[in-house]
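What the coordinates show
Now for the letters of each chain:
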Amino acid sequence: MKKFRAFTCSALLLSALLAVTPSVVQARGIVSGRAFDSYRLPNTTVPTHYTLRLDTDIHREIFDYTGNVQIRINVLEATDQIVLHSSRSEITHVQLRNGVGLSVPVKNFEFDEDKEFLVVNVGTTLQPNTGTYTLEIDFTNSIARNDQAGFYRSSYDDENGVRRYLGLTQFESVDARTSFPCYDEPGIKTTYDILIVCGIDYHARSNAPLRGIQLLEGGKKLSTFATTPRMQTYLVAWLVSDFKYEREVLTDPQLAIASWSKPSSVHLLSYSVDASKRFMRAMEEYFDQLYSMSKIDNVAIKDEDYAAGAMENWGLVTYKESAISYGPEDGEQRQVGVLTIVGHEFTHQFFGNLLAPKWWSYLWLNEGFARLYQYYLGAISHPELQLRERFVTGPFQTALRADNSLTVRPMTYYTETRPSISRLFDSIAYDKSACVLRMMNYALGERTFQKGLRYYLQQNKERGVVEESNLFDSLEQAAKEDAVLPISLSIHEIFGSWSHQPGVPLVKVRRDGNEYLFTQERYIANTPPEEPFENSWWIPISFSTPSNNAFEKLPAFWMPPNVSEVAYTIETVQDEVVSFNPHSTGYYRVEYEESMLRELIERINKDHTGFEPATRARLIDDTLNIAQSRGGNYDVVLQLLNYMQRETDYVPWAVAYENLRHMQRMLRTNEAVSQLLERFIEKIASPLLERYGGVYHRTGESASVEELRTIAIDLSCSGSQSCKDDAQSAVRSLASKKHYTMEDNALLCHGLQQSNAEQRKALQAQFSQALSDKNLDNPSAKQFLLQSLSCLGGDMTKVQSFAKYLLALSESDRTKALHRLLVELNVPLAEIVQSLQSELSQRRSNSVYYKHGPKLIFEIARYVTDPADVQLLSSVASSYDSWVASEIEQQVNANLNWVEQNVEPLKNALTRYFDA
């Protein structure tokens, strides 16, 4: 029989007086006989308002806190139980009152620990439509936890080296319940009154504006906040700290925008305030919707204490410190980073906060919009940063890579348990969903799509809870009004084909005179299954020619699902070529018949400027990926890449760079073919380094130029003597530098590869000293040093273990560090895996490191091409659920298939290229 923790209300008082911990007993069974066979709340009752009071002593370095929550509830169906969520809190008193304040008897309460339910057994049957009840619960809890979730502690060292503590919240997805008893589901929205007691020298912030402060005895004060908008529990937030802020108050309408950090970093917050101001006003105008409160705060949390990265809490947004810090000497690339993360979280204030998903199945309605508009609204608020083109090199590429496996899930996907909900926060929810939304934006036309989203917000904001059909209805209304769809098509049919199916389409096209014939199938990066897929989509087909760009973003036609072939006529003048999906507006790959592909490659080698940069990037990415999926025609691939000796644009280079690094990864244990590939890469990339005037950053350069130069250093420095010399200089000057650029990181790594043992030892000591320096207040400088630590290769373990280092990095930084260690510096994969195994064995299963272990295991698995490494990696995965081992097995099999299919064809093509 399942075990519950059960307590009677009279026993609580006695146990409190005697200071006896209530015992764990076997339950008699739920009083009403209800079987909790689901992780969803039964919802016989719903909350209509919370009043939450917390009493903290963080200023005294006491990390326990007490709380009182009063939840007004309505009864929806007759019940003798009130079921809500609670975990970690010790309940000290429970009482229930009816609408006139009279006590309603409570028999006892019980915990279903698996489902994290708090079950309050009532001494009578509560009937619907009998007014409001108030459930009041007293509880204690602690912020001394190591999972960086719920209400937990962080710290910083002040200018005198004194450790200062603070308390913050991170509730998404299901950790509000670990901090106070609540109805912790995303579709349950209500209002909150929050009151927080803290030390008089500290202050509290929460979602809503501060309403008043009352001084209390014992050097404490009570902060009371205005009532929040109706919102779900995972958005509830508060901060108890002695942080300082930068603020700007906007008018018409009034809005106070502030960014908070530890006192010594306040001077790095000005850009985040300005970016927030510009983005917020652009967002309000674009969607014709005002932000719903009079303040919004950004809070910078020490990187090591904030695994979430950023969180869109309504009115109190939290970030890693390095994510929103910007110094006067930082380049434009840092501006791009600050703006896009602020833009992502601010977009959530509408998509996710104002409109909440009915259940986690529709998480993509939050994250897809936030990912898309961090770029597309950022391009409106900050046109100088050219963010729209960065969508193609960022989320679009990430989505295609994530969506090419056999076991990937669809966008809309139902699950219930804590671990499986956590796994929904993946590239499908963020990047693929953003790509599909962006595709619809272009397929309907931006004006119609914008109108549809305005309808979506206006028609649903009062109820505040949505599912995908609400979005489809609003887009349908706008599409019909503007007559942008064939009369026989509906948004529900079109969009549903994308949200309910996994995978990315591959559109195959062949030519017969001026008639082009199209088929579609699901694209898989490796060998497809023996049974063909049944996936099929409504696909908007776009194209361009030198004389016709009318359909370069708009669809020329919709390719229907479940048809064998579609024909479409395109009139061209003599010698014109046609490119399909030229701006990557459609979420699909294109495979040209070989004669068409060779013609495109011939033209691009003659004059690549005759094609838009996005068109060149799409051709590179599709050609390389299709070739690698089949061990295909690498002579054609090399002929295409050969033109890049003349390429100067960021977009094609960023896409090619990602593909070349994948090939390097797969060939890391094959020295002969790796050397051939490196020789080819140096040839096509060396002119790029010369074209941008060497390796050093110039003040005022765009982010694209910064990244292009970094790509050129990474790919060609080993073949350039001047670059090698500059790299050596970078090593010698590291100790004297106070400010670092993107290029410095790449140069430092190349310089270290040429350094002798004495130089490496000296640099290792510099890293160790700098990273432990409590006076290093610049988060960007600290981030640079952490990113560069992997340049030491195996020697870095004298400063920090591989596992501890990699687990502490952001996902993007971790990807770069692993490539550097395993590919560029040939660190044995087994050493990294053994380090991870050792680290995880010392961590409790609820620690943040342990919870993030699978992500690092998956990253490492992308490098496994030697069967000897498989067993070692599997042994680390064995401490997790079986799905982890299954994912690893799939990735390793894909790697081994790649090697079997591609090594010989690639080697032969490279040999012929250099012999020609």
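Cut-off values and rules
- Residues numbered from 1 in each chain as written.
- Predicted model: local features only at pLDDT ≥ 70, side-chain atom pairs only at ≥ 80, totals over all residues.
- Heavy atoms only, no water.
- Helix = DSSP H or I, 4+ residues; strand = E, 2+ residues; numbered from the N terminus.
- Buried < 20%, exposed > 50% of the residue type's maximum accessible area, 1.4 Å probe, protein only.
- Disulfide = S-S within 2.5 Å.
- Core = buried A, V, L, I, M, F, W, Y, C linked by side-chain atoms within 4.5 Å.
- Contact = heavy atoms within 4.5 Å.
- UniProt positions renumbered as here; feature names shortened; annotations may be inferred.

**Here's the deal with unusual backbone geometry**
Of note, the amide linkage connecting E172 to S173 takes the cis form, showing an omega dihedral of 10°. With respect to the helices and strands, S173 occurs in the loop between β11 (163-170) and β12 (191-199). D252 connects to P253 through a cis peptide bond whose omega is -5°. Residue position: P253 is located in the loop between β17 (244-250) and β18 (255-261). Despite not being glycine, S584 has its phi angle at roughly 55°, a positive value. Along the chain, the position of S584 falls in the loop between β30 (579-580) and β31 (589-592). Take S584: its relative accessible area is 0%, and that puts it in the buried class.

**A look at the state of the cysteines**
Here, the word disulfide means a covalent bond between the sulfur atoms of two cysteines. As enumerated under the stated definition, the model contains two disulfides in all. Each sulfur of the disulfide joining C749 and C791 lies 1.7 Å from the other. In this structure, the disulfide formed by C749 and C791 twists by about -50° around the S-S bond and is classed as left-handed. Remark: C791 occurs in the loop between α22 (779-789) and α23 (802-808) and C749 occurs in helix α20 (residues 742-754); sequence separation between them is 42 residues. A relative accessible area of 3% places C749 in the buried class. We classify C791 as buried; its relative accessible area is 0%.

**Remarks on the nonpolar core**
Among the nonpolar cores identified, the biggest contains 239 residues, and F180, L471, F495 and F580 are the most heavily contacted of them. If you tally residues by element for this core, the top one is helix α9 (residues 427-444), at twelve residues. Excluding residues within four positions of it along the chain, L471 makes contact with W364, L365, F369, L437, L453, Y456 and F495. Listed in part, the 49 residues of the second largest apolar core include L809, I857, L873 and V884.

**Details of the environment of T407**
Within the secondary structure, T407 is located in the loop between α7 (387-402) and α8 (418-423). Spatially, the C-alpha atoms of T407 and F109 are 42 Å apart, while their sequence positions differ by 298 residues. Look past the residues within four positions of T407 in its chain and what remains in contact with it is E887 and Q890.

**Observations regarding the UniProt feature "site: Transition state stabilizer" (unreviewed entry) in the protein**
Cross-referencing UniProt, the feature "site: Transition state stabilizer" (unreviewed entry) maps to Y430 in the present numbering. Among the structural elements, Y430 can be located in helix α9. Setting aside residues no more than four positions away along its own chain, Y430 makes contact with H344, E367, G368, R371 and F425.

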